[in-house]
Amino acid sequence: MFFGKKKNRHFQALGLASMMGIHLVSGVIVGMVMGYYLDKYFGTKPWLMLLFLIFGIIAGYRNMFREMQRIQKKEAEADVPDNDEKD
Amino acid sequence: MAGGLHPIFLVEEAVKAIGLVDAHGHSLIPGNVLYSWTFMIVLILVSTMATKKISLVPRGLQNFFEFVIGSLEDFVVANMGEDGRKVFPVLATLFIYILTCNVGGLFPGSDAPTANINTTASMAVFVFVYYQYWGFKIHGTHYIHHFTGPMIWMAPLMFPIEVIGHFARMLSLSLRLFGNIRGEDIVLALLFMLAPVVSTVPMYFLFMLADVIQAFVFFMLSMLYLKGAFEEAH
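Residues numbered from 1 in each chain as written. Chains lettered and ligands numbered in written order. Predicted model: local features only at pLDDT ≥ 70, side-chain atom pairs only at ≥ 80, totals over all residues.

Caption draft 1: The overall build of chain A, seen in detail. For chain A, the helix and strand inventory stands at three helices and zero strands. Going from N to C terminus, chain A has its helices and strands arranged as α-α-α. Out of the 87 residues in chain A, the part that is buried amounts to 24%. Contacts in chain A between residues at least 24 apart in sequence constitute 69% of all its contacts with a sequence separation of at least 6. (Helix = DSSP H or I, 4+ residues; strand = E, 2+ residues; numbered from the N terminus. Buried ≥ 20, exposed ≤ 12 C-beta atoms within 10 Å, placed from the backbone. Contact = placed C-beta atoms within 7 Å.)

Caption draft 2: The interface of chain A and chain B, seen in detail. Taken together, the 24 residues of chain A in the interface contact 19 residues of chain B. Of all the secondary structure elements, the ones that give two or more residues to the side of chain A that touches chain B are helix 1 (6-17), helix 2 (20-42) and helix 3 (47-79) of chain A. With eight residues, the top contributor of residues to the side of chain A that touches chain B is helix 2 of chain A. Among the residues making up the side of chain A that touches chain B, the classes are represented as twelve nonpolar, eleven polar and one charged. (Nonpolar A, V, L, I, M, F, W, Y, C, P; charged D, E, K, R; others polar.)

Caption draft 3: Expanded view of helix 4 (residues 84-104) of chain B. All names here are of chain B. For helix 4, spanning 21 residues, the distance from its first C-alpha to its last is 29 Å, which sits close to the expected 30 Å at 1.5 Å a residue. Where helix 4 bends most, at Val90, the angle is about 30°. The complete set of buried residues in helix 4 reads Gly84, Val87, Leu91, Phe95, Tyr97, Ile98, Leu99, Thr100, Cys101, Asn102 and Gly104. Buried residues belonging to helix 4 abut helix 2 (31-52), helix 3 (60-80), helix 5 (117-139), helix 7 (155-194) and helix 8 (200-230). (Expected span 1.5 Å × (residues − 1). Bend = angle between axes of the 7 residues up to and from the residue.)

Caption draft 4: Fine view of unusual backbone geometry. Each neighbour pair has its own omega, and for Lys45 of chain A with Pro46 of chain A the value is -10°, a cis peptide bond. Secondary-structure assignment places Pro46 of chain A in the loop between helix 2 and helix 3. The backbone phi angle of Val197 of chain B is positive, close to 65°, even though this residue is not glycine. Tracing the chain through its elements places Val197 of chain B in the loop between helix 7 and helix 8.

Honestly, that's just the spatial picture; any functional story needs more than this.
Have a look at this one:
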């Protein structure tokens, strides 16, 4: 019905695309905060923070990459001309 | 709203009027909690009204809700398969509740509960716990393979990355919704100071669209995370 239409698939891709930036940033932030508190707990300043920052950056890019794959799939679906629906 | 620019919050004033005030003249219950209660009451009333006289040929309110819930269910089942029906009530509740909160913030004298980070963070934490719960329920201890990546020798490297990735989902879900709705409030308040009514009325239409998109994105991402938890690990 409403969400299955061709126009609305672009709308969904728009929603996903608006998440790209924040996905990247939130991975980095979570990694760094986790490392910071682990450092405080174990007293190994600053090594764990650096390690987890790198993990966070990788995780952020991974999340963004997955999101991009999803958008590409959605766009490919939306661009396929379907015969049963007209809009 | 935006640094005390909003002139009056009706529900907060009502609570103050019945005496729930602290020493500084603020209401004892925070504004976002009050308004989320208000919108919950509105939703409960509307849904009881819609389901009071259920007929086979839907009319009026029942027709509207059947349309909304039917299209959401189609969407979930199309994306998740038949498994989606198990979690559909939660997802639809999230969508309708967030949409009501977002749009409710546009009414004068009211405030969007989702413009406060505590409301959005609580919903994001709930989604996180819920999809991890389903993951454990379906896969048992094998759910750990979702975190270890495709190759076993890479597991020590992949595990922290995946854990950070999962926690980052929580942060991005809550921050995005909060930031968008809060930003709307601030833009409305500032525009109202610059050019009252003339500039704010067109913005209302833009913000109504943005509210629907934000509610839909929250719903869709929760659905995608649940779908990820339902799938077998690669």
